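Here's the letter readout for the chains.
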Amino acid sequence: MSSGALIARVVPDVTGLDKQFDYAVPEAMRAKVRVGTIVRVPLGPRRVRGWVLRLEEQTSAEGLKPIAAVVGLGPDPDLVGLAEWAAHRWCGPVRALLNAGSPGTVVPTAVRRPAHRLPDGAASRASVPPSGVHRVPPCADPLHLVLEAASAGPLIVCCPSTAESARLAGRLRRAGLRTALMPRDWALAAGGCDVVVGSRAAVWAPCPSLAGVMVLDEHDETLQEERTPTWHARDVAIERAARAGAHCWLVSPAPSLEALQWCGDAAHRPSRDEERSGWPFVQIVDLDAQDVPAPTLVTHELLELSRSVDGAIVAVLNTKGRARRLVCKACSHRVRCANCGAASSLGSDGSIQCGRCSQQRPGICDACGSTRLAPVGLGISRLRDDLASSTRRTVVEVSASTPDADVLGAPDDALFIGTEAVLHRVRRAGVVVFLDFDDELLAPRFRADEEAMALLVRAARLVGPRAGGGRIVVQTRLPGHEVLAAALHADPARLVPNELERREALRMPPAWSIAHVRGEDAGRWLDSLLVADVSGGPDTGWLVRERTPEELAETLAALGPKPSGVRVAIDPHRI
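Cut-offs used in this document
Residues numbered from 1 in each chain as written. Predicted model: local features only at pLDDT ≥ 70, side-chain atom pairs only at ≥ 80, totals over all residues. Heavy atoms only, no water. Helix = DSSP H or I, 4+ residues; strand = E, 2+ residues; numbered from the N terminus. Buried < 20%, exposed > 50% of the residue type's maximum accessible area, 1.4 Å probe, protein only. Areas by Shrake-Rupley, 256 points an atom, 1.4 Å probe, with all protein chains shown as cover. Lys, Arg positive; Asp, Glu negative; His and termini not counted. Charge placed at Lys NZ, Arg CZ, Asp CG, Glu CD. Pairing = 2+ DSSP bridges. Axes fitted to C-alpha atoms, helices over the stretch in contact; angles between N-to-C directions. Parallel < 35°, antiparallel > 145°, perpendicular 65-115°, else oblique. Left-handed = near helix turned anticlockwise from the far one by under 90°. Contact = heavy atoms within 4.5 Å. Nonpolar A, V, L, I, M, F, W, Y, C, P; charged D, E, K, R; others polar. Phe/Tyr/Trp six-rings, centres within 6.5 Å; stacked < 30°, edge-to-face > 60°. Lys NZ or Arg CZ within 6 Å of the ring centre and 35° of its normal. Core = buried A, V, L, I, M, F, W, Y, C linked by side-chain atoms within 4.5 Å. Disulfide = S-S within 2.5 Å. Salt bridge = Lys/Arg side-chain N within 4 Å of Asp/Glu carboxyl O. Expected span 1.5 Å × (residues − 1). 1 Å grid on protein atoms, 1.4 Å probe; cavity = no way out; pocket = protein on both sides within 12 Å on 5 of 7 lines; lining within 4 Å. Points joined across faces, edges and corners; volume = space filled by probe spheres on them.

A. Representation of the overall build of the protein. Each helix and strand in the protein was counted, giving 18 helices and 27 strands. Dimensions of the protein along its principal axes, counting C-alpha atoms only, are 90 × 60 × 45 Å. When burial is assessed residue by residue, the protein has 53% of its 575 residues classed as buried. When the accessible surface of the protein is split by element, carbon and sulfur atoms take 50% of a total near 25,400 Å². Averaging the locations of the 68 positively and 67 negatively charged side chains of the protein gives two centres separated by 4 Å.

Right, dumping it as structure tokens:
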């Protein structure tokens, strides 16, 4: 029996309460309580769930309430430390991160850890891929990379979606690997297995003797948590692997600038022949060269495709209803920001305003000097009718509310039209047509080029590689844009130099680290900042900039606790 008292620092699982409290550990519970254990503690008139954050021996526990009960297993001690790091890095409550690393149900003990067993013929340790960024063609199968990585030892694999995670887990099990699918198999993962697979929260999964962490489709925006703290699976994977002395692999057809910045010279790419063969054919249609009546987007190429293509056609237009974009009525010039190249809009005072970098200038066309500027364009509602009257195919409009039965029950040669969500709803297509890709290329968001490339990657997977006739058709008035050149040449690296320069000019990630702060009391909370770069206001929120994530985290931590209702998003994907 210990001569002193054991004191536990506990984080209560109570929304809106970002505090920690000390409790005495009863002698009968000493053997069951460790850092990360989920316990039940008295808090005011209630008994609430919480996590043990720290344990400390003291001479007395006088005045402290005892832990009421031990609930079950929680995150391992090393994950508790990782959660504290992430809470500081993304300026949010550690409670949310501990929740991400905990089982969805009570787990009193872990499943017995089996001996690590690799399937017959699996990759040897000599073929373990090197840590870093691995660029793979969009139509390539990443399974061989996962199997090679698993030969190094227990592996965590993060996928962009739960559906992709389930498919990969099934394939790994058929290959002979002991696989835990998160969050369902949390206990199995805690006991030890070959591979732990899941969506972004899998980066917080238990994995004894961790040998490596792999993030598939690292470029995908769903890998970032939208709620506070806005942690990103990529960055957590990098930090977790570094703390464990494990490998880290970031896999993507179009790696993000953040990933490339992390890996430095450790970016691995396939041969040119392999990369080209893993992309479909890409055809660019210059809308300015088309002899079609404005404002329709039903081009001659689209009509020809409707007659010649076997199988379904998917048409994408990321604008609902009837879109608005600013053009000059005198010369048809599309008005763009002179600073960052994004599409601009007309302000209430007649000035031209950029939604990406907030630059304003007089309402004059920079091509011809005319003041006759007007918002024009059209969206899905109008195009659906145009396509139905111009083609002989059944036209199916796909939105978030469209029943699966309407999509799956459509004719094999249907023409599906919708926003980018249609790329996730249709299982297979002969061709994907982006009806007006300028909506993506000129979007007033600092990651617009990366997001546009991600759409092309998604479309490539829907139509398949060029060897099978896969084709993407892109209608645009910017045929020479660098994103389109990268897709035409199956070489996403073409984007990197100019994009890095643009991010530096805009003071956006990864050149700078930013915090988007919103809320009624956000301005008052930021008033004491003397050094950091702060811009914005109560309508759009404030942007706080520092050169590195570490400097930004320290700057925000120095402000003290956030007032209730203030939300901080660190390096948000869309802004």
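B. Quick peek at the pairing of strand β10 (residues 212–216). Burial runs high along β10: five of the five residues are buried. Of the two faces of β10, both are covered, the one formed by Gly212, Met214 and Leu216 as well as the one formed by Val213 and Val215. Across four bridges, the pairing between strand β7 (residues 155–158) and β10 is parallel. Its bridge partner lying in β10, Cys158 is registered against Val215. Examined bridge by bridge, β10 and strand β11 (residues 247–252) share five bridges and lie parallel to one another.

C. Main features of the packing of helix α1 (residues 77–89) against helix α6 (residues 233–244). Running from amino to carboxyl end, α1 crosses α6 at an angle of 140°, the nearest separation of the two axes being 11 Å. Classified by the angle their axes make, α1 and α6 are oblique. Both α1 and α6 take part in a crossing whose hand is right-handed. Along the contact surface, α1 presents Leu79, Gly81, Leu82, Trp85 and Arg89, while α6 presents Asp235, Val236, Glu239, Arg240 and Arg243. Classifying every residue of the contact of α1 with α6 gives four nonpolar, one polar and five charged.

D. View of the packing of aromatic side chains. In this structure the tally under the stated criterion is three aromatic pairs. Ring centres 5.5 Å apart and planes at 90° place the aromatic pair Trp85 and Trp90 in the edge-to-face group. Their ring planes at 65° and their centres at 5.0 Å tell us that Phe434 and Phe437 sit as a pair that is edge-to-face. Residue class for Phe434 comes out buried when judged on its relative accessible area of 2%. The ring of Trp90 carries Arg89 above its face, with NZ or CZ at 4.3 Å from the centroid.

E. Representation of the environment of Ser370 within the structure. Examined against the element boundaries, Ser370 turns out to sit in the loop between β18 (360–361) and β19 (373–376). Accessibility expressed as a relative area gives 14% for Ser370, which makes it buried. Remark: the alpha-carbon pair of Ser370 and Ala330, spanning 40 residues in sequence, is separated by 6.6 Å. Residues within four places of Ser370 in sequence aside, it is in contact with Cys328, Ala330, Gly363, Ile364 and Cys365.

F. Seen up close, the sheet that holds strand β4 (residues 46–58). Strand order in this open sheet of five strands is β2-β1-β4-β3-β5, and the pairing throughout is antiparallel. Of all strands in the sheet, those with a lone pairing partner are β2 (21–24) and β5 (69–72), marking the two edges. Averaged over all adjacent pairs, the angle separating strand axes in this sheet is 50°, with direction ignored.

G. Representation of the sheet that holds β10 within the structure. Judged by pairing direction, the sheet is parallel, and its seven strands sit side by side in the order β8-β9-β7-β10-β11-β6-β12 without closing on themselves. At either end of the open sheet lies a strand with only one pairing partner, and these are β8 (179–181) and β12 (267–268). Packed onto the sheet, helix α3 (residues 143–150) meets β6 (132–135), β7, β9 (195–198), β10 and β11 and runs at close to 155° relative to β7. Helix-sheet contacts for α6 involve β7, β10 and β11, and the interaxial angle to β11 is about 155°.

H. Just the nonpolar core, in detail. The biggest cluster of nonpolar side chains holds 63 residues, and the ones touching the most others in it are Val196, Trp204, Val517, Trp525, Leu556 and Val568. Considering each element in turn, this core owes the most residues, six residues, to α1. Here Val196 is in contact with Leu155, Ile156, Val157, Ala180, Met182, Ala189, Ala205, Pro206 and Cys207, once residues within four sequence places are set aside. In this structure, Val396, Leu455, Leu456 and Leu484 belong to the second largest nonpolar core, which totals 40 residues.

I. View of the state of the cysteines. Going through the model one piece at a time under the given rule, you end up with zero disulfides. Cys159 forms no disulfide, and the closest cysteine sulfur to it belongs to Cys158, at a distance of 7.6 Å. This cysteine, Cys248, is not joined by any disulfide, and Cys158 carries the nearest cysteine sulfur, 9.4 Å off.

J. The arrangement of the pattern of salt bridges in detail. All told, the structure shown has 43 salt bridges when counted by the stated rule. The partner of Arg89 in a salt bridge is Asp235, with the nearest N and O atoms 4.0 Å apart. Separated by 146 residues along the polypeptide, Arg89 in helix α1 and Asp235 in helix α6 bring together distant segments of the chain. Taking relative accessible area as the criterion, Arg89 reaches 11% and is therefore assigned buried. What makes Asp235 buried here is its relative accessible area of 18%.

K. Summary view of α1. Look at α1: 19 Å from first C-alpha to last across 13 residues, which is about the 18 Å you get at 1.5 Å a residue. Of the surrounding elements, those touching the buried residues of α1 are β4, α2 (94–100), α6, α18 (549–557) and β27 (567–570). Two residues or fewer after α1 comes Cys91, characterised by a positive phi angle close to 50°.

L. Focus on the layout of surface pockets. Of the volumes computed, that of the second largest pocket is approximately 1,400 Å³. Lining the second largest pocket are 47 residues, with Gly92, Pro93, Ala96, Thr228 and Pro229 sitting closest to its centre. Of all the elements in the fold, those that place two or more residues in the lining of the second largest pocket are α1, α2 and α18. By residue number, the principal contributor to the lining of the second largest pocket is α2, which donates six residues. Tallied by class, residues from the lining of the second largest pocket come to 24 nonpolar, 14 polar and nine charged.

M. The side chain of His219, seen in detail. Mapped onto the elements, His219 comes out in the loop between β10 and α6. Beyond its immediate sequence surroundings of up to four residues, His219 is in contact with Ser252, Pro253, Ala254, Ala454, Val457 and His573.

N. Examining unusual backbone geometry more closely. Cis geometry marks the peptide bond from Met182 to Pro183; its omega dihedral reads 0°. One can find Pro183 in the loop between β8 and α5 (186–191). Cis geometry is found at the peptide bond from Thr228 to Pro229, where omega equals 0°. When you line up the elements, Pro229 lands in the loop between β10 and α6. Despite not being glycine, Cys91 shows a phi value in the positive range, around 50°. With respect to the helices, strands and loops of the structure, Cys91 is situated in the loop between α1 and α2. Of note in the backbone geometry, Ala490 takes a positive phi value of approximately 50° without being a glycine. Along the polypeptide, Ala490 turns up in the loop between α15 (482–488) and α16 (496–506).

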